[in-house]
Amino acid sequence: MPPSDLDKIAAIDDPYLLLRVATERLNAAQQEVTELARLRRRVIQELHAQGMSYAQIAEKAGLSRGRIHQIRHTGPAPEGAFLGVGSVTVVTPLRHDAATGRSMVALDDMRAGKRLEDLARTFGLTVATDNVTVDGQIDLNRPGLLVICGPRMSNAIRTAYDADPVIRWDRDDKGWKLVDTRTGREYRSGSQLDPQQPADSAFLGRLPRPDGNGSFLAIAGIHPNGSLGVIHLLANEIATLWGQVGDRRFSCVVGVEYDPQSGEPVRAELASPLYRHEDT
């Protein structure tokens, strides 16, 4: 019988290497337990939605009805998979600070990134962070990316947005706008209107990685208020979004109203249809 991972780790002579490897394996095992719990809860919800009673599910699975109820109400919510599985990386852009000559994350970007990190953690996901460099460099060919960045900040991001089959970024003498190529409707920031309004439009979608091996979640408002609005929408409607698109590719425009003093979103909702790319 081949040795187990535990046997292999226990056989390491170097105590420091053993400590590191054991810690890494434990972290991986904890992530696996979290995702198995999420999967188990999702299957029960799906079977129940198909019309099976919890007693029937318990009988078919060889578990008690009480255990099925316990599983249904414990562990991470299935809709957390809308953001990713196991671990995710929240990406925000760096900007050049003319005063210091250094790279920095703008306060609005930091606020949006932190809220997305916090949301991911509520679903039991392990969260890391990264940045788009000042010159727009970012490796999009990685799993679990949640990118808060518009097309202006990075050619790589702009190219990824251009791959969307329905929602397009464009600009004119008024500034950036989002265009639904199906309907021809344009979505703008309230600051571009006359009179101006405390409102913004934002992109939310899951786009293909440049290498074609997966996708990443993209969030970007015409202004930072829009990005905050998308995260507000996710915090309140992620279960609905998950039910509509799962982990497949999609895109939509989110309309955001915000408080003119604080800039905080007070309302966020889908302004365009939610387009599943497999249907386009």
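Relevant structure appears above.
Calculation rules
- Residues numbered from 1 in each chain as written.
- Predicted model: local features only at pLDDT ≥ 70, side-chain atom pairs only at ≥ 80, totals over all residues.
- Heavy atoms only, no water.
- Helix = DSSP H or I, 4+ residues; strand = E, 2+ residues; numbered from the N terminus.
- Expected span 1.5 Å × (residues − 1).
- Buried < 20%, exposed > 50% of the residue type's maximum accessible area, 1.4 Å probe, protein only.
- Arc of directions from axis to C-beta.
- Contact = heavy atoms within 4.5 Å.
- Pairing = 2+ DSSP bridges.
- Salt bridge = Lys/Arg side-chain N within 4 Å of Asp/Glu carboxyl O.

Q: Whenever I open this one, helix H7 (residues 224-245) confuses me. Can you help?
A: Each α-helix winds once per 3.6 residues, and so residues spaced three or four apart point in a common direction. An ideal rise of 1.5 Å per residue puts 32 Å on 22 residues; H7 reaches only 25 Å between its terminal C-alpha atoms. Gly-246 sits one or two residues past H7 and shows a positive phi near 55°.

Q: Sorry if this is basic, but what is going on with helix H3 (residues 54-61) here?
A: Of the residues making up H3, those classed as buried are Tyr-54, Ile-57 and Ala-58. Down the axis of H3, the smallest arc covering the buried residues is 100°, so these residues share one side. Residues of H3 that are exposed and point over 90 degrees away from its buried face: Glu-59 and Lys-60. On its buried side, H3 packs onto helix H2 (15-49) and helix H4 (65-73). Two residues or fewer past H3, Gly-62 is found with a positive phi of approximately 75°.

Q: Explanation requested: the pairing of strand E12 (residues 265-270) in the structure shown.
A: The side chains of a regular strand alternate, first on one face of the sheet and then on the other. Across five bridges, the pairing between strand E11 (residues 250-258) and E12 is antiparallel. Across the sheet, the residue bridging to Gly-255 is Glu-269, located in E12. The turn joining E11 and E12, which pair antiparallel and follow one another in sequence, is formed by six residues; a positive phi near 80° is taken by Gly-263.

Q: I keep staring at the pattern of salt bridges and nothing clicks. Help me out?
A: Close approach of charged atoms allows side chains of opposite charge to pair. According to the stated counting rule, one finds 19 salt bridges in the structure shown. A salt bridge links Arg-115 to Glu-264; the nearest nitrogen and oxygen atoms lie 2.7 Å apart. Here Glu-264 lies in the loop between E11 and E12 and Arg-115 lies in helix H5 (residues 107-122), a separation of 149 residues in the sequence. Look at Arg-115 and you get partly exposed, because its relative accessible area is 31%.

Without other data, these values stay purely geometric and don't point to any function.
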